[in-house]
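Fold and contact review
The residues making up each chain are set out below.
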Amino acid sequence: MSSINDVDNQVVLRIGGFYSNSNSSMNVTNPTLGQDFKIDFEEDLKLEESQFLPFFEMIYHFNERHSLYIDWKQLHRTAEVVGITTPFQVNFEDKIYDIKAGAKLKTTLNMDIARLGYGYNFYQGNNYSLGLSVGLHTMFIKTGFEGDIGACIEQDLVLKCDQLPLNKAVDESVTAPLPDIGLYGDYEFSPGFRFTAHAQYFYIKLDDLKGRLIDIRAGVEAEITENWHMTAAFNYYEVDVDYTQRTNSGDTHVADYNLYYSFIGPMLSVSYRF
């Protein structure tokens, strides 16, 4: 998040893209052995590991020191495996699904991250500023399997999975808004060229959910016209979410998600100010 020192009210709209490197996994149960094991979404289920992703940001500066901001990032992936090598069971919305060895399986894992916050410039001069930001992150996660899938029924803590054939299992969850805190700053080192940087962090542990986010960005913004600007930056971004799933009774542990999304790399964006 950058700041502007020479205006009282201004809106900045920014769109751009970046390269991501993802590593996502889920600890599930092997119904044959009765043991937990880890499924890697990229290695075992063939989801794409690296891809180019979009982002959107809007900042409203309502005087020299105060601003509001909102931004959004997404990671949407789908892949298909012809034959699953190891059977596993997963719990989606208190329903247990059974995926047998050799099954044809299409996997979807989507993650959207929205951020809303407030920034205050506590130290600034004619060509520089330093500020503190506080905000909320909300994560929208969708996990889906399509193919040879069966549904299980729990009776007296025993799972029966030899009936109720299905072809789709979908789980959509939204994390509660998670707080973050950060620092940001900018320095105009030459007319029309500004160095910008920010660092944000949050961590939450609540019941069966644990999450962490780290966002560090540094780059140079160039003025193309009075209203149009272009930014080239280097970004480190990491989201790590652990979530434990249980059966309806709450006694049987079925699966643990570990959704890890990170990248270290360049990002480009253009912005318009009005």
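Here the structure is a predicted model, which means the values were calculated and not measured.

**Focus on the overall build of the chain**
Along its length, the chain carries zero helices and 14 strands. Taken from N to C terminus, the helices and strands of the chain fall in the order β-β-β-β-β-β-β-β-β-β-β-β-β-β. Residue burial in the chain is summarised as follows: out of 274 residues, 47% are buried. Of all intrachain contacts in the chain linking residues separated by at least 6 positions in sequence, the fraction that spans at least 24 positions is 67%.

**Section: the pairing of strand β7 (residues 105–124)**
Here strand β4 (residues 66–81) runs beside β7; their pairing, made up of 16 bridges, is antiparallel. Residue pairing for β7: Gln-74 is matched across the bridge by Asp-112. Bridging between β7 and strand β8 (residues 128–155) involves 19 bridges; their strand directions are antiparallel. Of the residues in β8, the one forming a bridge with Tyr-118 is Val-134. Hairpin geometry of β7 and β8 is characterised by an intervening segment of three residues between the two adjacent antiparallel strands.

**With respect to the environment of Ala-79**
Note on placement: Ala-79 falls in strand β4. Here Ala-79 falls in the buried class, since its relative accessible area comes to 12%. It is 7.6 Å that separates the C-alpha atoms of Ala-79 and Glu-48, two residues lying 31 residues apart in sequence. Beyond its immediate stretch of four places on either side in the chain, Ala-79 contacts Leu-45, Lys-46, Leu-47, Leu-105, Lys-106 and Thr-107.

**Considerations on the pairing of strand β3 (residues 50–61)**
Here β3 shows a clear split, with Gln-51, Leu-53, Phe-55, Glu-57, Ile-59 and His-61 buried on one side and none of Ser-50, Phe-52, Pro-54, Phe-56, Met-58 and Tyr-60 buried on the other. Sheet analysis places strand β1 (residues 10–30) next to β3, joined by 12 bridges and oriented antiparallel. Note that in β3 the partner of Gln-10 across the bridge is His-61. Both β3 and β4 contribute to a ladder of seven bridges, which runs antiparallel. Residue Met-58 lies in a different strand from β4, and its bridge partner there is Ile-70. Following β3, the chain reverses through four residues before pairing antiparallel with β4.

**Details of the side chain of Ser-22**
Structurally, the position occupied by Ser-22 is in strand β1. Ser-22 has contacts with Glu-42, Glu-49, Leu-75, Arg-77, Tyr-260, Tyr-261 and Ser-262, leaving out every residue within four places of it along the chain.

**Description of the packing of aromatic side chains**
For the coordinates displayed, the defined rule picks out eight aromatic pairs. Pairing Tyr-19 with Phe-52 gives two aromatic rings, centres 5.1 Å apart and planes at 65 degrees, and the pair type is edge-to-face. Here the residue Tyr-19 occupies a position in strand β1, and Phe-52 occupies one in strand β3, the gap between them amounting to 33 residues. Neither Tyr-19 nor Phe-52 differs from the other in exposure class; each is exposed. Ring centres of Tyr-60 and Phe-62 lie 5.7 Å apart, and the angle between their planes is 35 degrees; this geometry places the pair in the tilted category. By relative accessible area, Phe-62 is classed as partly exposed at 29%. Cluster of aromatic residues (ring-pair linked, three or more members): Trp-228, Tyr-272 and Phe-274. Sitting over the ring of Phe-55, Arg-217 keeps its end group 5.6 Å from the ring centre.

**Description of a nonpolar patch on the surface**
A grouping of Leu-13, Ile-15, Phe-56, Met-58, Ile-70, Trp-72, Leu-116 and Phe-274 is seen on the molecular surface, where their side chains present a nonpolar patch of about 690 Å² in accessible area. As for its placement among the helices and strands, Leu-116 is situated in strand β7. Judged by its relative accessible area of 52%, Leu-116 is exposed.

The rules behind these values
Residues numbered from 1 in each chain as written. Predicted model: local features only at pLDDT ≥ 70, side-chain atom pairs only at ≥ 80, totals over all residues. Heavy atoms only, no water. Helix = DSSP H or I, 4+ residues; strand = E, 2+ residues; numbered from the N terminus. Buried < 20%, exposed > 50% of the residue type's maximum accessible area, 1.4 Å probe, protein only. Contact = heavy atoms within 4.5 Å. Pairing = 2+ DSSP bridges. Phe/Tyr/Trp six-rings, centres within 6.5 Å; stacked < 30°, edge-to-face > 60°. Lys NZ or Arg CZ within 6 Å of the ring centre and 35° of its normal. Patch = residues over 30% accessible without salt bridge, like charges linked within 9 Å, V, L, I, M, F, W, Y side chains within 5 Å. Areas by Shrake-Rupley, 256 points an atom, 1.4 Å probe, with all protein chains shown as cover. Salt bridge = Lys/Arg side-chain N within 4 Å of Asp/Glu carboxyl O.

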